[in-house]
Amino acid sequence: MEAQQESIAALEAEIRELQASLQRKKDELHSLKQSTVTAGKLTNNDIARYSRQIILPQVTVAGQLKLKASSVLIVGAGGLGCPAGLYLASAGIGELGIVDYDTVEVNNLHRQVLHSELTLNLPKAQSARAALQQINSQLKVRTYEVQLKSENALEILQPYDIVLDCTDNVATRYLLNDACVLLKKPLVSGSALQFEGQLTIYNYNGGPCYRCIFPTPPPPETVTNCGDGGVLGAVTGVIGSLQALEAVKVLLKLDGTLAGRLLIFDGTASSFRNVKLRPRREDCAVCSAKATITKLIDYEQFCGMRASDKDMALKVLQSDERISVEDLKSIRDSRKPHLVIDVRNPLEFEICHIEGSVNIPLKQIIEDKGLDDLKQRTSGGIPVFVFCRRGNDSQLAVKHLRKKLEGVAEAKDVVGGLHAWHYRIDNNFPIY
Amino acid sequence: MGGTDLPLVLEFGGGAELLFDNVKKRQVTLDGSKTWKIKELLGWIRDNLLRERPELFLQNDSVRPGILVLVNDADWELLGELEYELQPNDNVLFISTLHGG
């Protein structure tokens, strides 16, 4: 078994090296081919390649030339950006920009279809570029391996005809909106979570901007990310593909775009709903004549949330109300009586849990459900150690339990949760 | 069913349904002997349907930021927002905006 694991690792390393060397050759070939790309007319190759869309009366030779001369910026090479990029590259868009500061993780692969096992840990922008140019060697791709911020957004967006919002957080969505309004660029905005998706075009054809619809950001506690809420790959695929469709329609100046409308997709019912949005707000803070925002602001501060879907490490407890995974391990090894509570929801508990742990979801703890039972189990001062995935919810649970179990037993939070257990105690414990 | 009923279809989506027993669509019948504006419907929803912390749905007598209200598939802002007077068989959709990708 171990020898096999080693051979697998060695082969994977060799393949990665070959891939990198192959990529260098491809880049060389690509830059040579780029010098043969003819602007202003379609080559025989173009005609053959794009014939099935050129013969559409909405496209025609003139439309294909427009696409060839067009540039689109994709912000976020994730669940939405990947399928959007796929269809834009395939459609013969001249140039794509890809903004993503993140690297490919294994939990991305079920939905981020440009990345693969071979590009794990590589920057997503690079991984996406390689995949797209493999499909279309004529495509020019510029990558931006940075986090989009107020300081760099205008410069990055400036050269592009259209911007696709394929991001995963509220702060970046406001940033992109304001930057697009200031630069007068259409913003094709997609979002997805669980089985649902939403799509519209902001700041186009007299339609509203994001702030016209949502002048105030949502309270942070109401925002769920894909890491916590989950998302189905085919759902981001539907919305990302539709973002590519809307972008092509905008570039070809076709009627019937989603400007002024919101498309709501519910994958559980396979239903699409198309609703009419309000017009531009006369007092919109950024797109109206009465605008108060005339340059980009601090969006993390404005939203009270970080511009990332990564979870922040919460700290609501004192250090003596917490325990490290190492200390918990030695208590477990010494077989002293103790109780481990896992406060994740039952579906997550089913994925993996610490042996012998008891599942009491955070919500039940806060509602004092099963408190009497818990008091009985811990009577005589049996210590309680509380886990969750990363050690945030467990702190909220401990804060509550310490009050409710006062005089019975002491509850402590396991710092870093199951993630810390995986990284520092047991590599064989699954991580998600 | 008399002439004094006000039947409505209420829908919740984008995660807003989690505050309402995870039910996405429901038919309700209000007392039609008086008029109902959306602001009164919000109070009725709070008292009769809301299962979770009300501040995740309502703030300052309106829906919280990030929830869009659509009456018969049109943004409620086009109809007068809180002041819109509900009509029989209106469909009112409360959709929470998504931010993931």
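Residues numbered from 1 in each chain as written. Chains lettered and ligands numbered in written order. Predicted model: local features only at pLDDT ≥ 70, side-chain atom pairs only at ≥ 80, totals over all residues. Heavy atoms only, no water.

Residues and elements named next belong to chain A. Taking the numbering used here, the UniProt-annotated feature "binding site: ATP" (unreviewed entry) corresponds to Gly79, Asp100, Asn107, Asn108, Leu109, His110, Arg111, Lys124, Asp168 and Asn169. Counting through the fold element by element, Asp100 comes out in the loop between strand E2 (95-99) and helix H5 (124-135). Filtering out sequence-adjacent residues up to four positions away, Asp100 remains in contact with Gly76, Ala77, Gly78, Lys124, Ala125, Tyr144, Glu145 and Val146. In terms of polar contacts, Asp100 uses its side chain to reach the backbone amide nitrogen of Asp102, at 2.9 Å. Within the element layout of this structure, Asn108 appears in the loop between E2 and H5. Asn108 gets classed as buried once you look at its relative accessible area, which sits at 5%. With residues up to four places along the chain from it excluded, the contact list for Asn108 reads Thr103 and Lys124. Side-chain polar atoms of Asn108 contact the backbone nitrogen of Glu105, separated by 2.7 Å. (UniProt positions renumbered as here; feature names shortened; annotations may be inferred. Helix = DSSP H or I, 4+ residues; strand = E, 2+ residues; numbered from the N terminus. Contact = heavy atoms within 4.5 Å. Polar contact = N/O pair within 3.5 Å; in protein donor to acceptor, adjacent residues only side chain to side chain. Buried < 20%, exposed > 50% of the residue type's maximum accessible area, 1.4 Å probe, protein only.)

Another point: the domain arrangement of chain A. Partitioning chain A into structural domains gives domain 1 (70-303) and domain 2 (319-425). With centres defined by C-alpha atoms, the gap from domain 1 of chain A to domain 2 of chain A works out at 39 Å. (Domains from an automatic or database assignment.)

The next point concerns the UniProt feature "modified residue: 1-thioglycine" (unreviewed entry) in chain B. Following the UniProt record, the feature "modified residue: 1-thioglycine" (unreviewed entry) maps to Gly101(B) here. Topologically, Gly101(B) is positioned in the segment after strand E7 (90-96). Excluding anything up to four places from it in sequence, Gly101(B) contacts Gly78(A), Gly79(A), Leu80(A), Arg111(A), Thr167(A), Asp168(A), Ala192(A), Cys226(A) and Thr236(A).

Bringing the interface of chain A and chain B into the picture now. Listed per partner, the contact involves 39 residues of chain A and 30 residues of chain B. At the boundary of chain A with chain B, total buried surface from both sides reaches about 2,600 Å², with 55% on carbon and sulfur atoms. In this structure, Glu196(A) engages Lys24(B) in a salt bridge whose closest nitrogen and oxygen atoms are separated by 3.5 Å. Between chain A and chain B we count 15 residue pairs in polar contact (both at pLDDT 80 or more) in total. Broken down by secondary-structure element, the contributors of at least two residues to the side of chain A that touches chain B are helix H7 (170-183), strand E5 (187-193), strand E6 (196-202), helix H8 (210-213), strand E7 (261-266) and strand E8 (271-276) of chain A. (Buried area = accessible area lost by both parts, 1.4 Å probe. Salt bridge = Lys/Arg side-chain N within 4 Å of Asp/Glu carboxyl O.)

With that settled, consider the environment of Arg424(A). All names here are of chain A. On the secondary structure map, Arg424 appears in helix H17 (residues 417-425). Here Arg424 falls in the partly exposed class, since its relative accessible area comes to 47%. For the pair formed by Arg424 and Glu151, sequence separation is 273 residues and the distance between their alpha carbons is 38 Å. Excluding its chain neighbours within four sequence positions, the residues that come into contact with Arg424 are Ser324, Val325 and Glu326. Among the polar contacts made by the side chain of Arg424, one reaches the side chain of Glu326 at a distance of 2.8 Å.

This part is about the nonpolar core. Nonpolar side chains in soluble globular proteins tend to be buried together. Counting 44 residues, the largest nonpolar core has Leu88(A), Leu96(A) and Leu164(A) as the members making the most contacts within it. Once residues lying within four places of it in the same chain are set aside, the contact partners of Leu88(A) are Val72(A), Ile74(A), Ile93(A), Leu96(A), Leu164(A), Ala244(A), Ala247(A) and Val248(A). Residues Leu73(A), Leu183(A), Leu296(A) and Leu70(B) belong to the second largest nonpolar core, which totals 36 residues. (Core = buried A, V, L, I, M, F, W, Y, C linked by side-chain atoms within 4.5 Å.)

All names here are of chain A. An ideal rise of 1.5 Å per residue puts 20 Å on 14 residues; H7 measures up with 20 Å between its terminal C-alpha atoms. With 13 of 14 residues buried, H7 lies mostly within the body of the structure. The backbone nitrogen of Ala171 has a side-chain oxygen 3.3 Å away, supplied by the residue at the start of H7, namely Asn169. (Expected span 1.5 Å × (residues − 1).)

A few words on the environment of Ser70(A). Residues and elements named next belong to chain A. Here Ser70 shows up in the loop between helix H3 (60-68) and strand E1 (71-75). A relative accessible area of 7% places Ser70 in the buried class. Remark: the alpha-carbon pair of Ser70 and Ser51, spanning 19 residues in sequence, is separated by 18 Å. Setting aside residues up to four positions removed in sequence, Ser70 forms contacts with Ile93, Gly94, Glu95, Asp161 and Leu251.

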